Structures are given as structure tokens and as C-alpha cells.
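Structural characterization, general
So the chains spell out like this:
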Amino acid sequence: MTARKSGSRLESEIERCRSETQWDKIPELVRQLSAKLISNDDLGELLLGEAKLQQYLKENPIKQGASPRGPRPRLQEVRKHLTAALDRGNLKPEYMQEASLIMAKLCYVEADFREALNQYGRVNLDEMQLVGAPVYRLSMIAEAYATKGLCLEKVPMASPSLSNRNADKDQEIITCYEKSGDIALLYLQEVEKALSAGIQNRSPKPGPVTQEQELGYFLETGLQRAHVIHFRNGNLTRGVGRFREILRAVETRTTQNLRMTIARQLAEILLRGMCEQSYWNPLEDPPHHSPLDDPLRQSPHTKDYALSRRPRIYSGENLFCPQENTEEALLLLLISESMANRDAVLSRIPEHNNDRIISLQSASLVYDLLTIALGRRGQYEMLSECLERAMKFAFEEFHLWFQLALSLMAAGKSARAVKVLKECMRLKPDDPTIPLLAVKLCIGNLHWLEEGERFAKIVIDMGEKAAEFRAKGYLAIGLVYSLRATDASLRGMQEEYQKKALSAFQRAQSLSPTDHLAVFYLALQLAVSRQIPEALGYVRQALQLQGDDVHSLHLLALLLSAQKHYHDALNIIEMALSEYPENFILLFTKVKLETLCRGPEEALLSCKRMLQIWKSCYNLTNPSDSGRGSSLLDRAVADRRQLNAMSLPDFSDPETGNLPDAFFHGFDSFFGVCSVHATSIAASRVEQALSEVASSLQSSAPKQGPLHPWMTLAQIWLHAAEVYIGMGKAAEATACTQEAANLFPMSHNVLFMRGQVAELRGNVDEAKRWYEEALSISPTHVKTMQRLGLILHQLQRYSLAEKILRDAVQVNSTAHDVWNSLGEVLQAQGNDTAATECFLTALELEASCPILPFTIIPRTL
């Protein structure tokens, strides 16, 4: 009785060691068991053979993708033990099966694949019980299926020409691997369950289980080989299905790294190999005929085997299920990212160097795929947040820093992007593209011109190392100087920066004569400097280099309007619109030209078409739209005879742009206009904040989506209001202005237009109040200053009028109407000499004044 109890205890201990792969303890336990139970010598042979084989594989692991190495002296002892156990035949049937499985595994390790298959032929793997089987036996069966699949792949067919036989063999191999993977997952779940319950180790501190439980070569092969064959055979549908089956199984600590790899691989397939039309969600059956699969190698998509036990899968109510491929890929990648961050190796000590490199490579793959998935959906804000979490990996890693910088740029976080680009420049000081990207941000919405100049000089100072980017460096610094000339408050500084800009653009053109941008910006700078004939020559040269460039076409139209060839300019604009029908800058210019060339009725028709284009482009609903403005345009364009009978007063302000130039200053972020003054940028931010507060007080319905579409809509209404003012229709102009005010009530452009309407009605005091309010938001709005100066002149407040108009001249020395107004004020004060000089200056500037200022064309890289 004592011997039986002792044997039972030893057998339980042996079973525990087999389950926990503690092979070094088996020989001692076998010795004790043999001393207690003499009849179990054959079981001892089996255990010793298994323990020595497993210990050998632990010390000499088979690498994935490598072939077995053939016989080894140490393996002879293993064969001796197993042969003894099998030849005597005293083992119980289940132990005989185990001995055959271990012998087959030994044959594979010795590269005797046919003998291994013979051993499996003696054991019917499909009849081995999974229900109630010890945990270690689940592992043994899973390894047996994997080893059998490996052997079948190694042994060639007797008649390779028989395609049906080959297909059957492929199916048998896949079935072996899929069964191996399913049973391996079940085994690992059972191990996890037993360890969690504390029944595998009686000590209070079970020890580092995660290091002891390893997949090993055969289990890993079973989990990873089936989908590889599916993809190799052109059966993407079954391969994706196999990935999903593995991922749906309840996770264990041992499979965490494998799951992260599989999730990343599946995400890559979903992003690169599957379109929305061929997608099916994970809870649906795969399609019987899919365009994903090779039509010449079709095979059934359903499993042709059954297991008595399967691994547990995640289940429950209201589980999220992706409905399209990018959505599923994004879910997989976010899970992988979480795992990569959780298991990150950050230690810099030499012993951990390899682990840290592997951890970094794995995380980088995930973040690259996240960039693709989120970039497709335009989710740059989310992408930048993900990449910020990657910064824990990013010490001295240029790729991740640069990816973060690009994502911040795309998300509109320009200031932070510049800071990250500085770190990229430190990591790669000889790469000229990085400072050029920084310049692009600095001369854009940030308007950091001094910073932009420093970055551009970095590229120029690289000299020959910058190669073809050296010309871009001169182009960048030319744009910086051009913008600084616009910002300069003194005429001397303006002229100095204009000369520097021209010199830089000429240098860029000499270094890259085929770059249309260098020629275009040279033409634009000459136009701003009012050298109209020279500018025309260069813009035609730019169009020869790139005939469909929208900005070159626009500049050509403005130059023609500066020479008073308004009909030719309108033809150019209409030609450009045939290529770019949704370009609102061109459409606004068209309205100004149509007002002069064809009358206000055509301009109103263009405003109406702009509203239709806006609705089709943005598909948004204006929460403050009363319908009054739309009906106004409908009524106006319905009766063409009434419109044709109306005269058009001389209302336009070609140089300062009346409305459009001011509006571009206020809405520079949408149109990319970099020529705004720093005070205009500040004004636009102030008025935006004030408008948001005022809108929230007026209406509980916020504007949908980003701000840019609403800015465009407001400008359309203000253009319509300007046309109505030119027609002398105060009521309609008021209604259109109100539509813009509903969107941005505190915009200085809206306030200026209210002043215009008040002047039209003859309310001088009211107009003066609106202009003063507009200047309180944007103190350098030239047109408002000019109109306020004229009103003060009417009120005979000459000194104040003169001061305001002189300030306006300082802001924009090429505004001919400001010079003319200043002359009128000086003449009223009796200063005829100074007034004459102002009138002559106004005449000279008006002769080269375009329909809209040249600076409405964006100046950016």
C-alpha cells in the first residue's frame, strides 16, 4: 500500500515536471520511481528518452527556417531508451502512443523524415483523446501534428505530375498545422489556468513562470506555418481566416509576442492586399469565391476536420466588430502598439542591447503601419498622438522623430513640428530636406520669419553637400525676405528686403533654371515691386516650364489687369478655372473682373455659382443660415433686364483690394497667404476668438467641422455684398453682410463692410463707428484707415484724418487711393505742394495697379 501511494505521488510529480518542462528533474524522479515500482522500468525508459531529447533541443534549439542537423552522439542514448520501451511492449496503450510520438520527433531531429512518418503511421493521432488528457499530453499531440506536417513538406511526392495528389498533400499538410495550432493554444490556455489556480506548484512562490513557459520550435511552427502555406498557395481568404482564429483565442502570457506579430501581419495584409469590396467582417463566413484568391488554385474555405476540444475564444454581448478593412487594421495596430509599449526594452546597458533593438524594430513596424492606416483616413491628430507615445523608443532614432514631425505638420501643429524638426536636424545634420521643411512651416501660418531665415541659411551654408536642394535654400530665403518686405513699416526697409528677395530668387533660378517655382517667385517679386513688364516676361517663362501652374496663371491675369487689359485678364482666369473649377481665389478674382468687364449681374451669377460649389465641396449646413441671403441672389439673377438697366459706380479699390485683400489678411490660414503683416495675423486670431464668443451668445448651434470652409463662405457673402454696394442696393448689401456676420460677427472685414453699407445709406456717424470698431480689432487694415480718413475729412477733422492716412501710407506705400485721400486732406489744409506730390504719386501707382493686390498669391515652399 505504501509503495502504491509513493508511486502515485511520484507519478504526479513527474506529470507536473513534464507539464512545466522541467526536464532536468526527470532523471532523479525516474530513479526514485524505479526503486519503488520495479514493474515501471519501461515507463522510466520512456521518461528518460523524452527528458534527454527535450534537454538536447533546449541546449541546441532548431531555428525557424533551418533544417535538422542529422544524427548526433547524444541522440543515440535517446534512441536506446525509446527503443527499449517500445520493443518490450509492457507500457500501457497511452504510454505506447507517447513513446511512438517521441520516437517520431527524434527521427525528425535526425533528419530521417520517412521513418518519422512511419512512426506516425503506427499511431492514429486523430484518435488520441483531448478531453481529460493531461496538460503535457496536449503539448505532445500539438508537436506531433506540427512535426508530421514538417515531414510531409520534406518528403517529395512519388509522382509530382499528379496535380490532384499534390493538392491532397497540401491539404493534409495544412490540416496538420492547423490542428497543431489549435491544440497548442488549448495547451497554453490550460497551463495558464493551472498556474493561475496554483495547483502546479505547491510552494508559496511559484517563480518566474513566464521565462519557463516557452513555445519552442514545434509549437511555434504549428501556430505560424498554416497561414504561410495559404498565402503561398494564393489562398488569401483562408490565410486571413487563420489569422483571425488565432487572434480570437483567449490570450496567454506565452503567446503575447506571437499575437503581436500576427496582428501586425494581418493588419499589413488588410492594408496592402485587400480592398473594401473583398472584405468580410470577422463574424461572417468567408466568401466561397473571392477575388483575393488565385483562381487556378481554388480550395474550399471551410475546415475539413473536427477536434474534440478547441481553444477558448473571446465571446460576449455587444462586442465591437469592424466593418471594413482599414477599421480592422487600425484596431489590430492599436492593440499591437499597446503591447509594444507595454513590453518595451528601454535599458541602455550593453547586455540588453539586442533585446532593445528587437523591441525598437517591432515597434517601428507597428508605427509605420499605423501611419498608413491613419493617413488613409486623414486622422493625423490621432497619428501624432500615437507617435508621441513612441518617443520612449526614440532616443537617437531618426526615423521615429521624423515620422512624428511629419504627422505634426499634417495635423496642423506647426509650432511643435518645428521643435521636432530641430531634433531631426541634430540627428541628421547633412540632410537639407529637414531645414527646408522647417522653413515651409515658419513662413506659413507661424510667420516666424527670423526662424525661417536661420533654417534657410543652414541649407545655403551646406554648399555643394546640399546638391539640388541648394536652389531650394535660396528660394526659401528669398520668400523670407519677400515676406519681411511686406511686414516692414519703413519704406527704406521694404526696399532693402525687396532687393535681397530679388537677388535670392535670381540665384535660385541660376542654380535650377528648369524649376518653374524659382522663375515664378522672381516674377511675383518683380510684380510686387511694380516692375510690370519684367514680371510679365518671367511669368511667361514660368508658364513655359509648367503651363498648368495655377499661381502662374493667376499672376499673369493680375499683371494684365495692372496694364488695364481687363478682358484679357478675365479670359486667363476663366481658362485657369477650367482646370481648377473649385479654386476660390480664382473665383474671387473673377468676380472683381466681371464687375468691371461684364457688369454686376454677371458678378452676382458668379457669387451664386460659388455658393453652389461651396455646398458641393464641403457638404455642410450653415446653422445660422436664415435663407435670406440665398433668396437675395436668386431674386437678383432672375430678372436680367432689371440688372442690365443698373449702372455700376466706381467702387473698386484695385491696390488695397477693398474687401478681398483685407479678407485675405483676416483669413490667411485658409488661403495660405503668407504676405500678411504680423499685426494682421494677430488681428485674425483676435477676431476669431471674439466671433466664437459672439456666436455662442447668439446661437446654440455651433459651426460644423473645421473653420476654413466657413471662412470661405463668409467671403462669398462679403463679395456679394460688395457687388450690391456697387449697384447702390443697400438693403441687399445689408442682408449679405448679415450672412457673413452670422458666421464671424467680430471680423474686421464684416465690420468694414457694415461701414460701407452705412456710407451708402448716408449715415456718416454710423459708418465712422463701424470703422473705428474694425480698427480696434485690426489697426493696420489699410482700406478701413482710408475710409475713416475720408469721413474725418468730411467732418473737417483734418489733423486726425492726416495722421490716420499717413499711418496707412506707412503700412502700404503702394495704395494709390490712400495717397489720393491724403492729397485731398492736405489740399483742404492749404498745403498745396505736398498735396500735389501725393496726387502725382497716386497717379503713378494707379497706372500699374492690378485688380487685386499681387500679395494675395500665396508665397510658400
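Scope of this entry: the structure provided in the associated data block. Note on numbering: residues in each chain are counted from 1, in written sequence order. Per-residue local features of the predicted model are confined to residues with pLDDT of at least 70, and side-chain atom pairs are confined, for both listing and counting, to 80 or more; whole-chain, interface and lining totals are unaffected and use all residues. In computing side-chain properties, one takes all heavy atoms of the structure into account and sets aside hydrogens as well as water.

With that settled, consider the packing of aromatic side chains. For any two aromatic rings, the description comes down to two numbers: the centre-to-centre distance and the angle of the planes. Within 6.5 Å between ring centres, the rings of Phe, Tyr and Trp (the latter by its six-membered ring) count as paired, and their orientation is classed by plane angle as stacked under 30 degrees, edge-to-face over 60, tilted in between. Tallying each qualifying case throughout the model produces 11 aromatic pairs. Plain terms: the ring middles of Phe-398 and Phe-402 are 5.3 Å apart, the flat faces sit at 15° to each other, and that makes the pair stacked. Placement of both Phe-398 and Phe-402 in helix α16 (residues 398-410) is noted, with a separation of 4 residues, approximately one turn of the helix. Residue class for Phe-398 comes out buried when judged on its relative accessible area of 18%. For Phe-402, a relative accessible area of 19% translates into the label buried. Here the aromatic residues Tyr-108, Phe-113, Tyr-217 and Phe-218 are joined through ring pairs into a cluster of three or more. By definition, being over a ring means that NZ of Lys or CZ of Arg is both within 6 Å of the ring centre and within 35 degrees of the ring normal. Over the aromatic face of Trp-280 sits the side chain of Arg-244, whose NZ or CZ is 4.9 Å from the ring centroid. Sitting above the plane of the Trp-770 ring, Arg-769 keeps its charged end 4.8 Å from the centroid. Numbering of helices and strands starts at the N terminus; helices are DSSP runs of H or I of at least 4 residues and strands are runs of E of at least 2. For every residue, the accessible area obtained with a 1.4 Å probe (protein chains only) is divided by the maximum for its type, and the residue is called buried under 20%, exposed over 50%, and partly exposed between those limits.

Between its first and last C-alpha atoms helix α17 (residues 414-427) spans 20 Å; for 14 residues at 1.5 Å apiece the expected length is 20 Å, and the two agree. Along α17, the residues that are buried comprise Ser-414, Ala-417, Val-418, Val-420, Leu-421, Cys-424, Met-425 and Leu-427. In this scheme, a helix's expected span is set at 1.5 Å multiplied by one less than its residue total.

The next thing to look at is the nonpolar core. Definition of nonpolar core: a set of buried residues of the types Ala, Val, Leu, Ile, Met, Phe, Trp, Tyr and Cys, connected through side-chain atoms within 4.5 Å. Ranked by size, the top nonpolar core spans 230 residues in total, and within it Tyr-367, Leu-555, Leu-559 and Phe-854 carry the most contacts. Element by element, the count of residues in this core is highest for helix α33 (residues 708-726), at 12 residues. When residues no more than four places from it in sequence are discounted, the contact partners of Tyr-367 are Glu-337, Asn-341, Cys-386, Leu-387, Arg-389, Ala-390, Phe-393 and Leu-400. In this structure, Ala-801, Ile-804, Ala-815 and Leu-822 belong to the second largest nonpolar core, which totals 31 residues. Contacts are assigned to residue pairs with any non-hydrogen atoms lying within 4.5 Å of each other.

Right, let's get into unusual backbone geometry. In this structure, Lys-564 is a non-glycine residue whose phi angle is positive, near 70°. Here Lys-564 lies in the loop between α24 (550-562) and α25 (566-579). One non-glycine residue, Gln-796, lies in the positive phi region at around 65°.

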